[in-house]
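# Chain and residue survey
If you want the building blocks of each chain, they are given just below.
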Amino acid sequence: MLSTDKITSIFCLIDDMLKGIGHKEHPNRKMSDSEVVTTAFVSSLYFGGHIDHARNFMKMTGNIPGMLDKSRFNRRLHGISDLIYDLFIQLSNCIKSIAGACDYMIDSFPVSVCHNIRISRSKLLKGKQYRGYKASMRQYFYGVKVQVLSIKNSLPVEFCFVPGSEHDVRALAKLPLDICPESNIYGDSAYTDYLTEEDAFQAEGIKLMIQRKSNSKKPDKPWIVFLKQYMRKKIETSFSEIKALFLRKIHATSTKGFMLKLMLFVVAYAFNKAII
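Residues numbered from 1 in each chain as written. Predicted model: local features only at pLDDT ≥ 70, side-chain atom pairs only at ≥ 80, totals over all residues. Heavy atoms only, no water.

## Overview of the overall build of the protein chain
For clarity, the cut-off: Helix and strand labels come from DSSP, where a helix needs a run of H or I of at least four residues and a strand needs a run of E of at least two; each type is numbered from the N terminus. Computation of the radius of gyration draws on C-alpha atoms, with the globule rule given as 2.2 Å multiplied by the number of residues to the power 0.38. Residue contacts are counted whenever heavy atoms from the two residues lie within 4.5 Å of one another. Here, Shrake-Rupley sampling with a 1.4 Å probe gives the accessible areas, and only protein chains in the shown set may cover a residue. Only four residue types enter the charge count: Lys and Arg as positive, Asp and Glu as negative, with His and the chain ends excluded. Here the site of a charge means NZ on Lys, CZ on Arg, CG on Asp, or CD on Glu.
Helices and strands together make up the secondary structure of the protein chain, namely 9 helices and 6 strands. Since a compact globule built from 276 residues should have a radius of gyration of about 19 Å, the 20 Å found for the protein chain is in line with a globular shape. For the protein chain, the spread of C-alpha atoms along the principal axes amounts to about 65 × 45 × 30 Å. Within the protein chain, contacts between residues at least 6 apart in sequence are counted, and of these 63% link residues at least 24 apart. Total accessible area on the protein chain stands at roughly 14600 Å², and carbon and sulfur atoms take up 53% of it. Of the charged side chains in the protein chain, 40 are positive and 26 negative, and the gap between their average positions amounts to 10 Å.

As C-alpha cells, this is what we get:
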C-alpha cells in the first residue's frame, strides 16, 4: 500500500545520509539529488519501476513541486547511479556494525530480459553467457542472476549482478563478504566449495553453512541439516518480496538502464525494509 509517511521517512533518511557524507550540489538546482533518489525509490516500490508514473505522483501530491521533465530526470538519475549504490553501502555498513556477529543468508534469483523464444532479437543483452538455468525453479532463462547476502531479518546487505550462466560458487567470490568475524552464512548446495569454506573460517572465523549434497564427502548431522533448511526459507521470503515489486517485464532501452532499474529494486527494498 502506498504510504506518504513512508515516502517522507525514506526521503529524510536519504537526505540525512547525503548531508552526513558532505554531498554538495549546485545551489540553483530546482530538484535536489535527495528528491531524485526518493522518486526513483517510489517508482520501484509502488509503480513497478515505471519512472514516469512516480514523477507524476510526486508532483501531483505536492511532495516535489519542482519536478524535472522526463528527459532531464532520467539524465540526472543515470548521473547519480554510483551515488545510489554508495547510499546502499552506507546503509548496509551501519546495519552490519549494529548486528555484529550474526547469521546471514546467501542465494541468487534470475531476472530475464526476454522470453527464451525472443533471445535472438534481444537488444539489451548479447551473448551465450547470459543463458542460464535455475535448478530450484527448473527453468532456463536469458538474463542475469542477482546474488544477494541478507541478514537474518531478510534485509539485503550486499548484492551483485552476474551473467545467467555463471555458477553461484564463482559469483560468491564477487561479493565482498565484509561482515563481522564469527558470523554464519547459510546457503544452498550450489555454493559448495570446501576450500573457500576453510579459507573463510581460518581468515575471519566466518562459517559458511552450506547445505550438503546427497553424495557429499562431508555430510552434516541431522540437527545441522534442519538448521540450514530453516534459515534458507527466510531468504526465499526476501526474494519473493523483491520480485513482487517487478512488473511482468522491466522496461529499459539500454543495458545500463536495465541494470540501473534492477539495482533500484534491490536498494529501494533495502531502504524500505530498514525503516519498518
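## Concerning the side chain of Ser122
Spelled out, the test is: Between buried and exposed lies partly exposed: a residue is buried under 20% and exposed over 50% of the maximum accessible area for its type, with that area taken using a 1.4 Å probe on protein chains only. The definition of a polar contact used here is a pair of N or O atoms within 3.5 Å, where within protein one atom must be able to donate a hydrogen and the other to accept one, and adjacent residues in sequence count solely through side-chain atom pairs.
Along the chain, the position of Ser122 falls in the loop between strand E1 (103-114) and strand E2 (131-134). Given a relative accessible area of 6%, Ser122 falls into the buried group. Of the polar contacts made by the side chain of Ser122, one reaches the backbone oxygen of Leu125; its length is 3.2 Å. Not counting residues within four places of it along the chain, the set of residues in contact with Ser122 comprises Val113, Cys114 and Tyr142.

## Let's talk about the environment of Tyr140
Structurally, Tyr140 is set in strand E3 (residues 139-151). Assessed through its relative accessible area of 58%, Tyr140 is described here as exposed. A sequence separation of 47 residues divides Tyr140 from Gly187, and the C-alpha atoms of the two residues are 21 Å apart. Residues within four places of Tyr140 in sequence aside, it is in contact with Asn116, Gly132 and Tyr133.

## Some remarks on the nonpolar core
Condition: Grouping buried Ala, Val, Leu, Ile, Met, Phe, Trp, Tyr and Cys residues that are joined through side-chain atoms within 4.5 Å yields what is termed a nonpolar core.
Judged by nonpolar contacts, the single largest core of 77 residues is most densely connected at Phe41, Leu77, Ile84, Val111 and Phe258. Judged by nonpolar contacts, the second largest core, of 5 residues, contains Met105, Met209, Ile224 and Met231.

## Let's talk about unusual backbone geometry
Even without a glycine there, the phi angle at Leu177 is positive, about 50 degrees. By relative accessible area, which is 23% here, Leu177 ends up partly exposed.

## Observations regarding the side chain of Glu166
Here Glu166 shows up in the loop between strand E4 (156-163) and helix H6 (168-172). Within polar-contact distance, the side chain of Glu166 engages the side chain of Lys174 at 3.0 Å. If we ignore the near neighbours within four places in the chain, the residues touching Glu166 are Lys145, Ala171 and Lys174.

## Some thoughts on the pattern of salt bridges
As a reminder of what qualifies: Every case where a carboxyl oxygen of Asp or Glu lies within 4 Å of a side-chain nitrogen of Lys or Arg is listed as a salt bridge.
Applying the stated criterion across every chain yields a total of 10 salt bridges. A salt bridge links Arg55 to Asp52; the shortest N-O distance between them is 2.3 Å. With Arg55 and Asp52 both in helix H3 (residues 51-60) and 3 residues apart, the pair spans about one turn of that helix. By relative accessible area, which is 21% here, Asp52 ends up partly exposed.

## Overview of helix H7 (residues 194-204)
The residue sitting at the N-terminus of H7 and contributing the capping side-chain oxygen is Asp193; that oxygen lies 3.2 Å from the backbone nitrogen of Leu195. After H7 finishes, the residue Gly205 shows a positive phi value of roughly 75 degrees.

## Here we look at the packing of helix H2 (residues 33-46) against helix H9 (residues 255-274)
Inclusion rule: Angles run from 0 to 180 degrees between N-to-C directions of axes, and those axes are lines fitted to C-alpha atoms, restricted for helices to the stretch in contact. Should an angle lie under 35 degrees it is considered roughly parallel, over 145 roughly antiparallel, and from 65 to 115 roughly perpendicular; all remaining angles are considered oblique.
In the contact formed by H2 and H9, the axes pass within 9 Å of each other and the chain directions differ by 90 degrees. Taken together, H2 and H9 sit at an angle that is classed as roughly perpendicular. Residue-level contacts link Ala40, Phe41, Ser44 and Leu45 of H2 to Leu264, Phe265, Val267, Ala268, Tyr269, Phe271 and Asn272 of H9.

## Here's the deal with the pairing of E2
To keep it simple, the criterion reads: Between any two strands, pairing holds if DSSP finds at least two bridges.
Going residue by residue along E2, you find Gly132 and Lys134 tucked away on one face and Arg131 and Tyr133 left uncovered on the opposite face. The pairing of E2 with E3 spans 4 bridges and is classified as antiparallel. Looking at the pairing, Arg131 lines up with Tyr142 of E3.

## Describing the environment of His50
With respect to the helices, strands and loops of the structure, His50 is situated in the loop between H2 and H3. Along the sequence, His50 and Leu2 sit 48 residues apart, while their C-alpha atoms lie 15 Å from each other.

## Some thoughts on a positive patch on the surface
The criterion, for reference: Patch membership requires more than 30% relative accessible area and the absence of a salt bridge. Residues of like charge join within 9 Å; the nonpolar side chains Val, Leu, Ile, Met, Phe, Trp and Tyr join within 5 Å.
Side chains of Lys30, Lys59, Arg72 and Arg75 sit close together on the surface and give a patch of like positive charge. Looking at the secondary structure, you find Arg72 in helix H4 (residues 70-79). Residue Arg72 is classed as partly exposed on the basis of its relative accessible area, which comes to 41%.

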